Amino acid sequence: MKRLPEEQFLRDVAEHAMTVIREDGVSRHIRFAKPGTSCMHFDLITWPGYLCYTGDMGTYVFQRLTDMFEFFRADREYKKRNGAKLAVNLSYWGEKLQATDRDGYRKYSAEKFRANVMDWVEQRGLTGKLGHGLRDELQSEVLDQSDDGPDAAYRAARDFVWNGKQVFPDFYEVDSEDYSHRFLWCCYALAWGIEQYDASKLQTAPEGVAA
């Protein structure tokens, strides 16, 4: 499962417009959609202590601060100083989930599994053996099973033997999950959508009055 690049997300929402459906203090219903279509639309709905993101890419509910827009703004300056276009904090935001999309927010990643296999081999000083048949056997007996799901992949690693020794005895403890595509899209949407909302407030604030 390859990570969704933020550039791809920005292309997805390039023609989206914002519509304020409801706004009463921290209780809001804001919609973002390309005019004339519901493709990749999403809504941000807040009430005291909660934010619900819902749309084409799933539904997630977060809980933390009274004003959840304030919560999702927290990393903006730090991230942007470090080159990010969208300020997201996947691990911290994931901890604040109260309800998740049917895909959850983390899933088994074949790509991460393969990287973990090669890291394991390197850390145990077996890299030099790759040119002596180990690479071919790893590929056919372990790496080629990675796309068959976590059970098949971890079973293949557990059963793999080289020169009479089990190479991956405790590999089941290695985390091969990554953030789901839908959750990553959601987090980008939260960062981007709240930025659009804040920008609109600056544009409509009376001259000399902070938004």
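Scroll up to find the structure.
Residues numbered from 1 in each chain as written. Predicted model: local features only at pLDDT ≥ 70, side-chain atom pairs only at ≥ 80, totals over all residues. Heavy atoms only, no water.

The subject of this paragraph is the overall build of the chain. Of the regular secondary structure elements, the chain holds eight helices and ten strands. Along the first, second and third principal axes, the C-alpha set of the chain runs to 75 × 35 × 30 Å. Going through the 211 residues of the chain one by one, you find that 42% of them count as buried. Look at the contacts in the chain between residues 6 or more apart in sequence, and 59% of them connect residues 24 or more apart. Total accessible area on the chain stands at roughly 11600 Å², and carbon and sulfur atoms take up 46% of it. (Helix = DSSP H or I, 4+ residues; strand = E, 2+ residues; numbered from the N terminus. Buried < 20%, exposed > 50% of the residue type's maximum accessible area, 1.4 Å probe, protein only. Contact = heavy atoms within 4.5 Å. Areas by Shrake-Rupley, 256 points an atom, 1.4 Å probe, with all protein chains shown as cover.)

Turning our eyes to something else, we now look at the pairing of strand 5 (residues 58–63). In this sheet, strand 5 lies alongside strand 4 (residues 50–55) in antiparallel orientation, the contact comprising six bridges. Looking at the pairing, threonine 54 lines up with threonine 59 of strand 5. Here strand 4 hands over to strand 5 after two residues, the two strands then running antiparallel side by side. Where strand 5 meets strand 6 (residues 97–99), two bridges bridge the pair, whose relative direction is antiparallel. (Pairing = 2+ DSSP bridges.)

Another aspect to go through is the sheet that holds strand 5. With respect to topology, six strands assemble into an open sheet ordered 1-2-3-4-5-6, the strand pairing being antiparallel. One side of each edge strand has no neighbouring strand; the edge strands of this open sheet are strand 1 (17–24) and strand 6. Neighbour-to-neighbour, the strand axes of the sheet open up by a mean angle of 20 degrees, direction not taken into account. Of the pairings in the sheet, the one linking strand 3 (residues 42–47) to strand 4 comprises six bridges and is antiparallel in character. Residue pairing across strands places leucine 44 opposite tyrosine 53, the latter belonging to strand 4. (Axes fitted to C-alpha atoms, helices over the stretch in contact; angles between N-to-C directions.)

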